[in-house]
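Listed here are the chains, written in short residue letters.
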2 protein chains.
Amino acid sequence: MPDLMKSTSEIKILIVEDEPIIARNISMYLDNNDFKVSGIAYDDEEAFAELKNNTPDAVILDINLNSPSDGIDIAAFINKNFHLPFLFLTSYSDRETIQRAKLVEPSGYIVKPFNERTLLASLEIALSNFAQRSNQQAPELKMDKINRHLLSPLTEREYIVVNHIYNGKTNNQVAAAMFVSLNTIKVHIKNAYLKLDASSRTMAVVRLRELMKK
Amino acid sequence: MPDLMKSTSEIKILIVEDEPIIARNISMYLDNNDFKVSGIAYDDEEAFAELKNNTPDAVILDINLNSPSDGIDIAAFINKNFHLPFLFLTSYSDRETIQRAKLVEPSGYIVKPFNERTLLASLEIALSNFAQRSNQQAPELKMDKINRHLLSPLTEREYIVVNHIYNGKTNNQVAAAMFVSLNTIKVHIKNAYLKLDASSRTMAVVRLRELMKK
DNA sequence: TAAAAATTCATCCTTAAGGGTGAATAGAAC
DNA sequence: GTTCTATTCACCCTTAAGGATGAATTTTTA
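For clarity, every value in this text was computed on a predicted model and none was experimentally measured. (Residues numbered from 1 in each chain as written. Chains lettered and ligands numbered in written order. Predicted model: local features only at pLDDT ≥ 70, side-chain atom pairs only at ≥ 80, totals over all residues. Heavy atoms only, no water.)

Visitor: What exactly am I supposed to notice about the protein's contact with DNA strand C here?
Guide: Taken together, 17 residues form the shell around DNA strand C, and within it Thr 155, Arg 157, Ser 181 and Asn 183 of chain A together with Lys 186 of chain B come nearest. Near-protein atoms of DNA strand C (within 4 Å) split between backbone and bases, with sugar and phosphate holding 62%. Contacts to DNA strand C include Arg 157 of chain A, whose side-chain N or O atom sits 2.7 Å from a phosphate oxygen. Ser 181 of chain A has a polar backbone atom sitting 2.7 Å from a phosphate oxygen of DNA strand C. Breaking the surface near DNA strand C down by element, the ones donating at least two residues are helix H8 (156-166) and helix H10 (182-196) of chain A together with helix H10 (182-196) of chain B. Of the residues assigned to the surface near DNA strand C, the class counts are 3 nonpolar, 9 polar and 5 charged. (Near = heavy atom within 4 Å. Polar contact = N/O pair within 3.5 Å; in protein donor to acceptor, adjacent residues only side chain to side chain. Helix = DSSP H or I, 4+ residues; strand = E, 2+ residues; numbered from the N terminus. Nonpolar A, V, L, I, M, F, W, Y, C, P; charged D, E, K, R; others polar.)

Below you can see the structure in the form of structure tokens.
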């Protein structure tokens, strides 16, 4: 089988993270899942250099860094000089930091501690949102939160699909965003419906809203 | 035209309200809109008598009454002795009262000051919710809130339709709940889509969520 | 390594949804 | 008294969505 999937979605990611263990962890996850890590930056200077020299397609930014500029500053720099999606990697922060982070309009957030699935799903959804409309943020569901309330948890692909549906996309739009066929999307939707006890996209959205409230 | 609509939806409403001006106001609204006011009770005793003698199909209850039992007490009595939908008519109340009101699981709330449209729409949605599933409450959109953010406001029927869509109903289910044909529902949906800048029910729901946040 | 789960895709079929046009009726507004 | 809006409905057509079945491939897990 020609791995069309892999070639089309091998997207170069820059990781900006001062803790080597976390950085390597993320790097391993991504390399095993159709992403290519173009570089790891441990401080602001390395981040600026990587951005210029290795032209990543997306950036994962830890907010707290051991350097003069933190992740939010680097994000502001990206907004000024590039047209790139970026996600913040963050622990629970104070309100001020969250406010500052929102101002630079990130394509997504990854909250520590995170698991592989959440990381990959957040990244894929962020890329899709960025591609469609850089300005407005589509609200993102939390897979962990949803799965906690389901007898049978959603798989990563099912989760991404229902997220798109939650944000009003048609099956064809979801297929385009995920680089797979319409048939595949329909299979994911059908399986997700079983788990969500729904039989239409609007019913699924109602169920998702209920699950998010709990 | 045989007014099938009127005969099927001429529902008897009991109004429990100690302020005669408001009571007559509501009474007038309802009588002009395919509802029949079976009686007006100005205190608890009259309410109990009306419930027994005139067998209303639904009850609108002011919470604050000049009598030993208030609206919530009467609601509890209804729950115990009848199977009837009731709505609370309320001004801004203290938390305790709201907590008590929630315990008797009303089919809806009408908050003063209210206009004719909100009253009728709340009533119709409450009746529909009650008919479908007496136990769980479908979350209800606020027409005033939505309309405040639309260039062209939704009409009452359009609002009721999008409310049903928001709660996951199919067009056929909406038609059944509103006692009109599928064609009519489609017309309302199409017109609502224009106002909401949507072209599918899921997109409409996304827009409604956005409008409710503002 | 074998079994189970996840992901991908195809084909076929039925129904739901969306969209266009036209039109009758009733009520409100002017 | 005429115009405007809201509500209702019909007929038409196209596309989207939902559902069933079968199957190949990869990844994970036992």
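Visitor: Even after reading the chapter, I still don't get the packing of aromatic side chains, so can you show me in this structure?
Guide: Two aromatic rings are characterised by how far apart their centres lie and by the angle between their planes. This model, assessed by the stated rule, comprises 8 aromatic pairs over all chains. Their ring planes at 65 degrees and their centres at 4.6 Å tell us that Phe 48 of chain B and Phe 77 of chain B sit as a pair that is edge-to-face. Note that Phe 48 of chain B is positioned in helix H3 (residues 44-54) and Phe 77 of chain B in helix H4 (residues 71-81), a separation of 29 residues in sequence. The exposure class of Phe 48 of chain B is buried, given its relative accessible area of 17%. Three or more aromatic residues joined by ring pairs form one cluster here, namely Phe 48, Phe 77 and Phe 82 of chain A. In this structure, Arg 209 of chain A packs its charged tip against the face of Tyr 166 of chain B, placed 3.7 Å from the ring centre. (Phe/Tyr/Trp six-rings, centres within 6.5 Å; stacked < 30°, edge-to-face > 60°. Buried < 20%, exposed > 50% of the residue type's maximum accessible area, 1.4 Å probe, protein only. Lys NZ or Arg CZ within 6 Å of the ring centre and 35° of its normal.)

Visitor: Would you mind showing me how to read the interface of chain A and chain B here?
Guide: In many analyses, interface size is given as the accessible surface area lost on bringing the parts together. Every contact between the two is made by 12 residues of chain A and, on the other side, 11 residues of chain B. Summing both partners gives a buried area of about 1,000 Å² for chain A against chain B, and 54% of it is carried by carbon and sulfur. Remark: the boundary between chain A and chain B carries 0 salt bridges. There are 2 residue pairs in polar contact (both at pLDDT 80 or more) connecting chain A and chain B. Among the secondary structure elements, those contributing two or more residues to the side of chain A that touches chain B are H8 and helix H11 (201-213) of chain A. When residues of the side of chain A that touches chain B are assigned to their parent elements, the largest contribution, 6 residues, is made by H11 of chain A. Residues that form the side of chain A that touches chain B fall into these classes: 6 nonpolar, 4 polar and 2 charged. (Contact = heavy atoms within 4.5 Å. Buried area = accessible area lost by both parts, 1.4 Å probe. Salt bridge = Lys/Arg side-chain N within 4 Å of Asp/Glu carboxyl O.)

Visitor: So what exactly am I meant to see when it comes to the nonpolar core here?
Guide: In a soluble, globular protein the nonpolar side chains are often hidden away together inside. If you look at the biggest cluster of nonpolar residues, it comprises 52 residues, and the most contacted ones within it are Ile 146, Tyr 159 and Leu 196 of chain A together with Ile 146, Tyr 159 and Leu 196 of chain B. If near-sequence neighbours (up to four positions away) are discounted, Ile 146 of chain B is found in contact with Leu 141, Leu 154, Tyr 159, Leu 208, Leu 211 and Met 212 of chain B. (Core = buried A, V, L, I, M, F, W, Y, C linked by side-chain atoms within 4.5 Å.)

Function-wise, these values are silent; they only describe arrangement.
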